[in-house]
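# A structural walkthrough
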Amino acid sequence: MSEARQYGELGTQLVMESRRSTQTDTLLKYNDALVRNIIREQRDLEKAAIALVLASADAHTPPPALMIIQTAIARNKRCLLAYHNHRVSFLCSLYWSLGASLPPLLSAESTSIRAKLSPHEVDYLRSYHASVMTFRAEFSQELDITASIVHPPKDLHVLVHVVRDCGVIQTESGSIDFRMGHRFMVRRSDIEHLIVQGYLEEI
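Source: prediction; values computed, not measured. (Residues numbered from 1 in each chain as written. Predicted model: local features only at pLDDT ≥ 70, side-chain atom pairs only at ≥ 80, totals over all residues. Heavy atoms only, no water.)

### Structural notes on the sheet that holds strand S4 (residues 183–187)
A sheet is described by the order of its strands in space; here three strands give the open sequence S4-S1-S5, paired in antiparallel fashion. Each edge of the open sheet carries a strand with a single partner, namely S4 and strand S5 (200–202). In this sheet, adjacent strand axes meet at a mean angle of 40° when their direction is disregarded. As paired elements, strand S1 (residues 157–162) and S4 share five bridges and run antiparallel to each other. Paired with Leu159 across the bridge in S4 is Met185. (Pairing = 2+ DSSP bridges. Helix = DSSP H or I, 4+ residues; strand = E, 2+ residues; numbered from the N terminus. Axes fitted to C-alpha atoms, helices over the stretch in contact; angles between N-to-C directions.)

Here it is, written out as structure tokens:
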């Protein structure tokens, strides 16, 4: 740990990244190097705190340096939690804006997002999606929890134009092969997620 750097300086850099992400409404690349450096600083601080405790075992009051180190440890922890909470919240919001669909986030076509994620964030998204799908299945006959509530539909059926091939989709009226350039009149709830993902375009 550099002598010229103050305790908590790395944590401040991490929080500033989250702030820039919020201001620009974009997800920045996961800063693995900075996170690891903060964790390394935490371990150094914990070792220093243990050494102070052992050195002042016979003292009636803890040394002031111990309070400073404990404050730095707590602050670093809060910075790490704030950084990861911000990223998880951003990813969840993006997930729902895409109609609760995972492929647009993690497919090869979405390299701009996938490349910004850490392996742990990818695992989190997959687990989160699995939980959503399990919960959704419980209400599949009554309600689609992935449907948008911001702009409620005016009609049950909608005329769509296929912008990108998306293969055969099982709908209430049967299987439909959505090939690029074709038009279909279908039940909105069956293809709402395809509209959100950009495969279909409402006419």
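### A look at helix H3 (residues 64–97)
Between its first and last C-alpha atoms H3 spans 50 Å; for 34 residues at 1.5 Å apiece the expected length is 50 Å, and the two agree. Just past H3, the residue Gly99 takes up positive phi, approximately 75°. (Expected span 1.5 Å × (residues − 1).)

### Examining the pattern of salt bridges
With the rule as written, the count across this model stands at three salt bridges. With its nearest N and O atoms 2.5 Å apart, the salt bridge here joins Arg87 to Glu121. Here Arg87, found in helix H3, pairs with Glu121, found in helix H6 (residues 119–137); they are 34 residues apart in sequence, far enough to count as distant. Overall, Arg87 belongs to the buried group, its relative accessible area being 2%. Given the relative accessible area of 7%, Glu121 is considered buried. (Salt bridge = Lys/Arg side-chain N within 4 Å of Asp/Glu carboxyl O. Buried < 20%, exposed > 50% of the residue type's maximum accessible area, 1.4 Å probe, protein only.)

### A word on helix H2 (residues 32–55)
When the terminal C-alpha atoms of H2 are compared, their 35 Å separation across 24 residues agrees well with the 34 Å that a helix rising 1.5 Å per residue should span. Looking only at H2, the buried set comprises Leu34, Val35, Ile38, Glu41, Gln42, Leu45 and Ala49. Looking at the buried residues of H2, the elements they touch are helix H1 (9–24) and H3. (Contact = heavy atoms within 4.5 Å.)

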